[in-house]
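Chain by chain, the residues run as shown.
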Amino acid sequence: MYQGCRTKVRTPCGETEEFEVTVGVHQGSALSPFLFLVILECLTKDTRREAPWDMLFADDVVICTKTRQEVERRLETWRHALERRGLEVSRKKTEYLCTGGGEKEKGSIKIQGEVVNRVGDFKYLGQQYRRMVEWSVRYQDGFNQDGNSWRKITGVVCDQKIPSKVKGKLHSTMVRPAMICGLETAALTKGQEEKLEVAEMKMMRYEVGVARKDKVRNENIGERLGIEKKLTDKIKESRLRWFGHVYRRDESYVRKRVMKMTAGKGKRGRPKRRWSDCNKEDLVSVGAVARDAAERISWRRIVRTGNPVVTGDSQ
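Keep in mind it's a predicted model, so treat the numbers as computed, not measured.

1. Description of the overall build of the chain
Then, in step 1: When its secondary structure is counted, the chain shows eleven helices and twelve strands.
Then, in step 2: Residue burial in the chain is summarised as follows: out of 315 residues, 30% are buried.
Then, in step 3: In the chain, the proportion of contacts linking residues at least 24 apart, taken out of those at least 6 apart, comes to 55%.
Then, in step 4: Carbon and sulfur atoms form 53% of the exposed surface of the chain, whose accessible area is close to 21,200 Å².

Printed below as a string of structure tokens:
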């Protein structure tokens, strides 16, 4: 396929002379990642279990088990299946994360006698994963992403020479999406939702040049920018849209099977807020039931209650 392929490298001093590519696939070709995944799927067909127990993300592998002994067995199975076909499992990059407490956190995991590095959290594709599933931490990460996005455009949105409606469009298309990124799968509490609204309102006051001491109501700030809906309405819309997307998939879809999983016995006291609890409240608030999500067109009309509308724009 790539026989006789030639390429060159662009450097600060200019482009190099052309040279022939003799090793690997063509760099930059759209077929390269596809061919890699096809080959990896074939090599691990007999080793890979059904998701979510074994999952492939390009050249990364996620293995989920209930015990350390089973983890070591699965690691050895994957290592043997890959390395006997010329691939290599990196010992330095391989990490494991243990959830739960008590006896589950004792001991170590090894690959051919080498101890695997244990971590309390790690970041993958922009998402932070931690030992204990605390949405307050994930919500704080969203705060940081939102602040970074807002700071990048402060030179525009805080310029008093620019019309407020233009600032509202920038806020709706750049700040809000960064703020709610990933929250469609989060079980936010009422207090966390209020903090998100307070943070957004603080930014919107900066944009219109109004301080709290000026005694201007939040509703008036939104009217100046042309943003009529609250941030919590947009989060609710995202959750319902995500629910409809998963509901319409077939039963073998991994996210649908995970959604139907039942949690084990929890600790004493009040149970933590779950995503399913948020979803039930969202369905009640829009007057819908789960089976309504089967029709995509009508479901979109039902859930579109929190779109960050800018006054005067056509939908």
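2. Some points on helix α10 (residues 275-286)
Then, in step 1: Across its twelve residues, α10 extends 17 Å between first and last C-alpha, which sits within 8% of the 16 Å expected from 1.5 Å per residue.
Then, in step 2: By the burial criterion, the buried members of α10 are W275, C278, N279, D282 and L283. Buried residues in α10, looked at end-on, bunch into an arc of 135 degrees, giving them a common side. Exposed and oriented more than 90 degrees from the buried face of α10 are K280 and V284.
Then, in step 3: Close packing links the buried residues of α10 with α8 (231-247), α9 (254-259) and α11 (296-303).
Then, in step 4: Downstream of α10 by a residue or two, G287 has a phi angle that is positive, lying close to 70 degrees.

3. Side note on the side chain of K236
Then, in step 1: Tracing the sequence through the fold places K236 in helix α8.
Then, in step 2: Although buried, K236 forms no salt bridge, and the nearest oppositely charged side chain, D233, lies 4.3 Å from it.
Then, in step 3: A distance of 3.5 Å separates polar atoms of two side chains, one belonging to K236 and the other to S285.

4. Re the confidence of the model for the chain
Then, in step 1: On average, residues of the chain score 79 in pLDDT, and 81% of them reach the 70 mark or higher.
Then, in step 2: For the chain, per-element mean pLDDT is lowest for helix α3 (residues 135-152), which scores 60, and highest for α8, which scores 90.
Then, in step 3: Across residues 306-315, where pLDDT falls below 50, the model places 26 contacts with residues more than four positions away in sequence or in other chains.

5. Some details on the packing of helix α5 (residues 164-179) against helix α7 (residues 218-225)
Then, in step 1: Packing of α5 against α7 brings their axes to within 7 Å, and their N-to-C directions diverge by 95 degrees. In terms of orientation, α5 and α7 fall into the roughly perpendicular class. Within the contact between the two elements, α5 uses S164, K165, K167 and G168 and α7 uses E223, R224 and L225.
Then, in step 2: Split into classes, the residues belonging to the contact of α5 with α7 amount to one nonpolar, two polar and four charged.

6. Regarding the pattern of salt bridges
Then, in step 1: Under the counting rule described, the total for this entry stands at 21 salt bridges.
Then, in step 2: Here E50 makes a salt bridge to R257, at a shortest N to O gap of 3.9 Å. Placement of E50 in the loop between α1 (31-43) and β5 (54-57) and of R257 in helix α9 is noted, with a sequence separation of 207 residues between them.
Then, in step 3: On the accessibility criterion, E50 (54% relative accessible area) is exposed.
Then, in step 4: One salt bridge connects E76 with R79, and the closest N-O pair in it is separated by 2.6 Å. With E76 and R79 both in helix α2 (residues 68-83) and three residues apart, the pair spans about one turn of that helix.
Then, in step 5: We classify R79 as buried; its relative accessible area is 10%.

About the cut-offs
- Residues numbered from 1 in each chain as written.
- Predicted model: local features only at pLDDT ≥ 70, side-chain atom pairs only at ≥ 80, totals over all residues.
- Heavy atoms only, no water.
- Helix = DSSP H or I, 4+ residues; strand = E, 2+ residues; numbered from the N terminus.
- Buried < 20%, exposed > 50% of the residue type's maximum accessible area, 1.4 Å probe, protein only.
- Contact = heavy atoms within 4.5 Å.
- Areas by Shrake-Rupley, 256 points an atom, 1.4 Å probe, with all protein chains shown as cover.
- Expected span 1.5 Å × (residues − 1).
- Arc of directions from axis to C-beta.
- Lys, Arg positive; Asp, Glu negative; His and termini not counted.
- Salt bridge = Lys/Arg side-chain N within 4 Å of Asp/Glu carboxyl O.
- Polar contact = N/O pair within 3.5 Å; in protein donor to acceptor, adjacent residues only side chain to side chain.
- pLDDT = per-residue confidence, 0-100.
- Axes fitted to C-alpha atoms, helices over the stretch in contact; angles between N-to-C directions.
- Parallel < 35°, antiparallel > 145°, perpendicular 65-115°, else oblique.
- Nonpolar A, V, L, I, M, F, W, Y, C, P; charged D, E, K, R; others polar.

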